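These are the residues of each chain, in order.
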Amino acid sequence: MTTSSAFFSSLLNIPTSKIPNMDTPLAKIKYPSRRRTSFTHFHPIRSAPDSVSIIDNLPAATSSSAPSSSATTTNSVILDDDSVNDDEVKKGESRVGVKVRVKVPLKVYHVPKLPEYELTGKVGVVKQYVGIHKGKKISANLPYKVEFVADEVLGRDGKPVKFLAHLRDDEFEFLD
Amino acid sequence: MKALQASTSYSVGFGISPAAPLLRPSRHRHVILAQVEPSEKSVEIMRKFSEQYARRSGTYFCVDKGVTSVVIKGLADHKDTLGAPLCPCRHYDDKPAEVQQGFWNCPCVPMRERKECHCMLFLTPDNDFAGQEQAITLEEIKETTVNM
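Residues numbered from 1 in each chain as written. Chains lettered and ligands numbered in written order. Predicted model: local features only at pLDDT ≥ 70, side-chain atom pairs only at ≥ 80, totals over all residues. Heavy atoms only, no water.

Per an unreviewed UniProt entry, the recorded name for chain B is Ferredoxin-thioredoxin reductase catalytic chain, chloroplastic, and the organism is Fraxinus pennsylvanica. Per UniProt, chain B carries the Sequence similarities (unreviewed entry) text "Belongs to the ferredoxin thioredoxin reductase beta subunit family." (UniProt positions renumbered as here; feature names shortened; annotations may be inferred.)

An unreviewed UniProt entry annotates chain A as Ferredoxin thioredoxin reductase alpha chain domain-containing protein of Fraxinus pennsylvanica. Word for word, the UniProt comment on chain A under Subunit (unreviewed entry) is "Heterodimer of subunit A (variable subunit) and subunit B (catalytic subunit). Heterodimeric FTR forms a complex with ferredoxin and thioredoxin."

Set out below in C-alpha cells:
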C-alpha cells in the first residue's frame, strides 16, 4: 500500500503527504486550490460598455432589456424578408396584362431593324413576371416582361414591329 | 562525378535524397488545378463566342485582359457544369432553374437589351475601361489567369 501511494505520488507529481490513505476506496485527491476569479466585474460591462464605474441595477435592467428587444426586432425583420419577396412575386404576377408607361430614360438595342430605340414615355403591356419559374425564385433584376409596339418601323408584313423588353418595377408606372 | 559530389556535399550529413521533398508540393498543386479549371474545349468555345458577340454588338474588351479572361473561364466552367454559360459574376440560389429560365444565360438579358455587362466582358466605347480590341487569344487567356 505504501508503494502504491509512492507510485501515485510520482505519477501525479503530488507530494505524498497530500495523497490520502489508500484503504478508503475512491479517495479524492485534493489538488492545490486555485483562487477563483470574481465574476462581479462582468455586470457593468454588459449593461454599459462605455462607463467604467459600477452602475446600480435599475438602469442596467433597462439597458439590458433594450438590446434584447432590438435583437427580437431584427429577428422578426429577417423572418419577414422571405414573405416580402413572396408578396412581390404575387404582386408582379397579378399585374400581367396591365398597361404601363416607362418613366425613366431608357434605350434598348435589341429591336429588329432598329439599332437603338428610345423607350422613355412609351406605353406597353405586361406580358409576364419573370421572377419565378416553375415555383422557384429566379434572381432576375428586371422581372417585368413588357410588350411594346414600335410605331416607327413596319415589319415585312406591313404591321408595326412588336418586341419585348424587361423592366424593373421602379422604371415604369401602371396605367390602371 | 565530381559535380555530383559537390552537390551532395551541400546537403552533407542528412542522407535524404533531394527528390523526396520536391514530389509533395507538385502533387498537391496538381490536385487543386484539376478541380478548378474548365475544359480547354469550353474555354475555346466561349473565347470564340466572346469575340463574335463583341463584334456583333459593337462592344470592346476591357483594357485589362485579365478581367476578360477570368470571365471567359467562368463562362466555360458554367458551361461544363450546368450545360449553359450562366453569368459567372452573380450569385444564384438555384443554378439549374436559372439555366432553364434563361435570364442570366450569356448574353444575359441586360446585355442583350441594354448593353449592360456588369462582368465587364463587353464594354460600350463610352465606358472608361473599354479598350480598343474585340479579340483575345487563348495564350492571352492562359497568361493572364496563371493560378498560383
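### Observations regarding the overall build of chain A
Across its full length, chain A holds three helices and nine strands. Along chain A, from the amino end to the carboxyl end, the secondary structure elements read α-α-α-β-β-β-β-β-β-β-β-β. Looking at chain A as a whole, 24% of its 176 residues are labelled buried. Considering only contacts within chain A whose residues lie at least 6 apart along the sequence, 46% involve residues at least 24 apart. Surface exposure of chain A reaches about 12900 Å², of which carbon and sulfur atoms provide 57%. (Helix = DSSP H or I, 4+ residues; strand = E, 2+ residues; numbered from the N terminus. Buried < 20%, exposed > 50% of the residue type's maximum accessible area, 1.4 Å probe, protein only. Contact = heavy atoms within 4.5 Å. Areas by Shrake-Rupley, 256 points an atom, 1.4 Å probe, with all protein chains shown as cover.)

### Considerations on unusual backbone geometry
Put simply, B:Cys106 and B:Pro107 share a cis peptide bond, and its omega is -5°. Among the secondary structure elements, B:Pro107 is positioned in the loop between α5 (95–101) and α6 (109–114). In this model, A:Lys113 sits at a positive phi of 70°, which is unusual for a non-glycine residue. A relative accessible area of 58% places A:Lys113 in the exposed class. Phi is positive for B:Lys115, close to 60°, though the residue is something other than glycine. Inspection of the secondary structure puts B:Lys115 in the loop between α6 and α7 (138–144).

### As for the interface of chain B and chain A
Contacts between the two partners involve 16 residues from chain B and, on the opposite side, 20 residues from chain A. Of the roughly 1500 Å² buried between chain B and chain A, counting both surfaces, carbon and sulfur atoms make up 53%. Looking only at chain B, the three residues that lose the most surface to chain A are B:Gln101, B:Glu113 and B:Arg114, adding up to 45% of its buried area. Scanning the region where chain B abuts chain A turns up two salt bridges. The residue B:Asp94 makes a salt bridge to A:Lys136 at a minimum N-O spacing of 3.7 Å. Taken together, chain B and chain A are joined by six residue pairs in polar contact (both at pLDDT 80 or more). Residue assignment for the side of chain B that touches chain A shows that the elements contributing at least two residues are α5 and α6 of chain B. No other element matches the five residues that α6(B) contributes to the side of chain B that touches chain A. Residue composition of the side of chain B that touches chain A, grouped by class: six nonpolar, three polar and seven charged. (Buried area = accessible area lost by both parts, 1.4 Å probe. Salt bridge = Lys/Arg side-chain N within 4 Å of Asp/Glu carboxyl O. Polar contact = N/O pair within 3.5 Å; in protein donor to acceptor, adjacent residues only side chain to side chain. Nonpolar A, V, L, I, M, F, W, Y, C, P; charged D, E, K, R; others polar.)

### Section: the side chain of B:Lys73
Note that B:Lys73 resides in helix α4 (residues 65–82). With residues near it in sequence (within four places) discarded, B:Lys73 still touches B:Glu37, B:Pro38, B:Ile141 and B:Thr145.

### Quick word on the nonpolar core
Ranked by size, the top nonpolar core spans 33 residues in total, and within it B:Ile72, B:Phe103, B:Trp104, B:Leu121 and B:Phe122 carry the most contacts. With five residues, the top contributor of residues to this core is helix α3 (residues 40–57) of chain B. Once residues lying within four places of it in the same chain are set aside, the contact partners of B:Leu121 are B:Ser50, B:Tyr60, B:Phe61, B:Thr68, B:Val71, B:Ile72 and B:Leu75. With 21 residues, the next largest nonpolar core counts A:Leu106, A:Val126, A:Ala150 and A:Phe172 among its residues. (Core = buried A, V, L, I, M, F, W, Y, C linked by side-chain atoms within 4.5 Å.)

### Details of the packing of aromatic side chains
Enumeration over the complete set of coordinates arrives at 10 aromatic pairs over all chains. Residues B:Phe103 and B:Trp104 carry aromatic rings whose centres are separated by 5.0 Å and whose planes lie at 70° to one another, so their mutual orientation is edge-to-face. Grouping aromatic residues by their ring pairs yields a cluster made of A:Tyr129, A:Tyr144, A:Phe172 and A:Phe174. The aromatic ring of A:Phe174 is capped on one face by A:Arg95, whose charged end is 4.2 Å from the ring centroid. (Phe/Tyr/Trp six-rings, centres within 6.5 Å; stacked < 30°, edge-to-face > 60°. Lys NZ or Arg CZ within 6 Å of the ring centre and 35° of its normal.)

### Details of α4(B)
Residues and elements named next belong to chain B. With 18 residues, α4 ought to run about 26 Å at 1.5 Å a step, and its terminal C-alpha atoms sit 25 Å apart, in line with that. What α4 keeps buried is the set Lys65, Gly66, Thr68, Ser69, Val71, Ile72, Lys73, Gly74, Leu75, Ala76 and His78. Of the surrounding elements, those touching the buried residues of α4 are α3, α5 and α7. Of the residues that open α4, the one with a side-chain oxygen 3.0 Å from the backbone nitrogen of Gly66 is Asp64. The first or second residue beyond α4 is Gly83, which carries a positive phi of 95°. (Expected span 1.5 Å × (residues − 1).)

### What to know about the confidence of the model for chain A
All names here are of chain A. Summary statistics for chain A give a mean pLDDT of 70 and a share of 52% for residues scoring 70 or more. Segment residues 24–28: pLDDT under 50, and three contacts once partners within four positions in sequence are set aside and those in other chains are kept. Long-range and interchain partners of residues 36–78, a stretch whose pLDDT sits below 50, account for six contacts in this model, where long-range means more than four residues apart. (pLDDT = per-residue confidence, 0-100.)

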